[in-house]
Amino acid sequence: MADSDDNGWWPRWDMGRGMMDGWGWGGPMMGYGPDAMLDRIDGRLAYMKTELKITGAQTVAWDELAKVIHDTAETHNALMREMMKDVRSGDFLKQPLPERLTVQQTHMEARLEQIKAVRAAVDKLYALLDVDQKKTADEIVLPSMGMGMGRGMMRWN
């Protein structure tokens with residue numbers, strides 16, 4: 001149970017402020033606030049479009065993907081802001097365990113739907129890419145709140 005002075009998340013396990021203030025060291029933004037990705041998303045999308053060398057014939061599929069990425073990032077941020085507000089206020093920990101799990105499940109289900117939407121848009125664009133563009137795409141990290149890691153991001157050495 002949280003101490004009355006501490007509105008952190010699981011304060012006795014030392015997972016409070018470090019995790020939720022700015023999404024914490026282990027969160028999707030590695031210490032950045034929830035709006036940090038939205039502040040950079042348009043630039044990141046422009047970079048991706050340039051790196052992929054999107055052609056005129058691919059523009060419609062690219063624009064659809066960019067819109068889906070932008071929309072899912074905004075939706076994800078709204079969910080995270082709401083959850084952080086409830087955690088910081090202590091309201092989350094005041095809920096019975098089944099209700100807390102329902103909140104977590106709802107967030108996970110929403111996240112899954114976001115990933116499915118991005119995947120559908122990626123599939124449409126990927127089908128239009130040439131071999132070199134696909135190679136570049138396979139290395140890209142999508143800027144939609146941790147959606148997909150590039151191959152180089154999984155190095156453990």
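The rules we used
Residues numbered from 1 in each chain as written. Predicted model: local features only at pLDDT ≥ 70, side-chain atom pairs only at ≥ 80, totals over all residues. Heavy atoms only, no water. pLDDT = per-residue confidence, 0-100. Contact = heavy atoms within 4.5 Å. Salt bridge = Lys/Arg side-chain N within 4 Å of Asp/Glu carboxyl O. Helix = DSSP H or I, 4+ residues; strand = E, 2+ residues; numbered from the N terminus. Buried < 20%, exposed > 50% of the residue type's maximum accessible area, 1.4 Å probe, protein only.

Draft legend 1. Quick look at the confidence of the model for the protein chain. Looking at the protein chain, the pLDDT average stands at 77 and 67% of residues meet or exceed 70. Below pLDDT 50 for its whole length, residues 148-157 participates in 13 contacts with residues either more than four positions away or in separate chains.

Draft legend 2. Inspection of the pattern of salt bridges at higher detail. Tallied over the entire structure, the rule returns five salt bridges. Salt-bridge contacts for Asp 71 lead to Lys 67; the nearest nitrogen and oxygen are separated by 2.7 Å. Taken together, the residues Asp 71 and Lys 67, both in helix 3 (residues 59-89) and four residues apart, mark about one turn of the helix. Lys 67 gets classed as exposed once you look at its relative accessible area, which sits at 51%. Lys 116 is the salt-bridge partner of Glu 113, the closest N and O atoms lying 3.6 Å from each other. Here Glu 113 and its partner Lys 116 are both found in helix 5 (residues 97-128), three residues apart, which amounts to about one turn of the helix. Since its relative accessible area comes to 48%, Glu 113 is described here as partly exposed. Overall, Lys 116 belongs to the partly exposed group, its relative accessible area being 46%.

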